[in-house]
Amino acid sequence: MTVAELPLAALQQLLQLYGLALHLLEPHTEIPGSYWGDAEAGIIGRSIYIRPDTPIHSFLHETCHVICMDEARRQQLHTDAGGETTEEDAVCYLQILLADQLPEFGQARALVDMDRWGYTFRLGSAESWFEEDAEDARLWLIQHGLIDTHNQVLFKLRT
């Protein structure tokens, strides 16, 4: 599913909860801050860059990188989020939770799109990982105050 298939207001509202900015670019425009290039979302500072053909999972993933990094890294952020493996896992976990903030998308679609794009997990699928093997990612998010113990998103940036 791409950005063009969802109301732009839904994406903007999600980012506003975190104090982040959304920049929608014209089709075929190079996306600033895109690590993977092509239609994949870009990140610079507190801004997320997308085009109509940007996959929603990419928008969510890059948004979650900005949410999960500490403020010092966020201030220097341009393209490469960096971070440790545990943070990358937490980014994936949070992106699945945040998928439900986009009613036309949701967790089930996020998991399918993650598999189609090529995310790799030890248990073979994003869904299996999320349900059976992601406790370390969940605990990381709790420890950093980004979700509570009931998996409720707290809509705060990591400090």
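To be clear, the structure that these remarks concern was listed above.
What you are looking at is a predicted structure, and each value in this text was computed from that prediction instead of being measured. Going along each chain's sequence as written, the residues are numbered from 1 onward. The predicted origin of the model limits local features to residues at a pLDDT of at least 70 and limits the giving and counting of side-chain atom pairs to 80 or more, whereas totals for whole chains, interfaces and linings rest on all residues. Computation of side-chain values: all heavy atoms of the structure, hydrogens and water removed.

Colleague: So what's going on with the overall build of the protein chain? Which residues, and what values?
Modeller: Numbering of helices and strands runs from the N terminus; a helix is a DSSP stretch of H or I covering at least four residues, while a strand is a stretch of E covering at least two. Per the secondary structure count, the protein chain includes seven helices and three strands. For the protein chain, the succession of helices and strands along the chain, N to C, is α-β-β-β-α-α-α-α-α-α. The atom set for the radius of gyration is the C-alpha atoms, and the globule formula is 2.2 Å times the number of residues raised to the power 0.38. For 159 residues, the compact-globule estimate of 2.2 N^0.38 gives 15 Å, and the C-alpha radius of gyration of the protein chain, at 14 Å, lies within 12% of that figure. Each of the three principal axes of the protein chain carries a C-alpha extent, and together these read 40 × 35 × 25 Å. Buried, partly exposed and exposed residues are distinguished by accessible area as a fraction of the type maximum, computed with a 1.4 Å probe on protein chains only: under 20%, between the cut-offs, and over 50%, respectively. By residue count, 51% of the 159 residues in the protein chain fall in the buried class. In what follows, a contact means two residues having at least one pair of non-hydrogen atoms within 4.5 Å. At a minimum sequence separation of 6, the contacts of the protein chain that also span at least 24 residues come to 57%. When the accessible surface of the protein chain is summed, it comes to about 7700 Å², and 48% of that surface belongs to carbon and sulfur atoms. Each accessible area value is a Shrake-Rupley result obtained with a 1.4 Å probe; residue values ignore everything except the protein chains displayed when judging cover.

Colleague: Residue-level account of the packing of aromatic side chains, with values.
Modeller: Any two of the Phe, Tyr and Trp rings considered here, Trp counted by its six-membered ring, make a pair once their centres fall within 6.5 Å; the pair's planes then place it as stacked at under 30 degrees, edge-to-face at over 60, or tilted in between. A complete count under the given rule lists five aromatic pairs for this structure. Between Tyr35 and Trp36 the ring centres are 5.1 Å apart and the planes differ by 80 degrees, which places this aromatic pair in the edge-to-face class. Residue classification places Tyr35 among the partly exposed positions, given a relative accessible area of 45%. The class for Trp36 is exposed, based on a relative accessible area of 55%. When the centroid spacing of 4.6 Å and the interplanar angle of 40 degrees are considered together, the rings of Tyr93 and Phe130 count as tilted. In this pair, Tyr93 sits in helix α4 (residues 85-98) while Phe130 sits in helix α6 (residues 126-132), placing the two residues 37 residues apart along the sequence. Here the aromatic residues Tyr35, Trp36 and Trp117 are joined through ring pairs into a cluster of three or more.

Colleague: Break down a negative patch on the surface for me, citing the residues and quoting the values.
Modeller: In this scheme, patches are assembled from residues that exceed 30% relative accessible area and form no salt bridge. Like charges are connected within 9 Å, while nonpolar side chains (Val, Leu, Ile, Met, Phe, Trp, Tyr) are connected within 5 Å. We define a salt bridge as a contact between a side-chain nitrogen of Lys or Arg and a carboxyl oxygen of Asp or Glu at a distance within 4 Å. Charge counting treats Lys and Arg as positive and Asp and Glu as negative, with His and both chain ends excluded. The location of each charge is read from NZ of Lys, CZ of Arg, CG of Asp or CD of Glu. A surface patch of negative charge is lined by Asp115, Glu127, Glu131 and Glu132. Among the elements that make up the negative patch, the one with the highest residue count is α6 (three residues). The topology assignment puts Glu131 in helix α6. The exposure class assigned to Glu131 is exposed, which follows from its relative accessible area of 55%.

Colleague: Just give me the short version of the side chain of Arg51, but keep the residues and values in it.
Modeller: Examined against the element boundaries, Arg51 turns out to sit in the loop between β3 (47-50) and α2 (56-68). Among the residues examined, Arg51 registers a relative accessible area of 6% and is labelled buried. In protein, a polar contact means a hydrogen-donor-capable atom and an acceptor-capable atom, both N or O and within 3.5 Å, with residues adjacent in sequence counting only if both atoms are side-chain atoms; elsewhere, any N or O pair within 3.5 Å suffices. Within the structure, Arg51 has its side chain in polar contact with the backbone oxygen of Thr29 (distance 2.7 Å). There is a polar contact of 2.8 Å between the side chain of Arg51 and the side chain of Asp53. Contact partners of Arg51, with chain neighbours within four places excluded, come to Val3, Leu24, Leu25, Glu26, Pro27, His28, Thr29, Ile31, Asp38 and Ala39.

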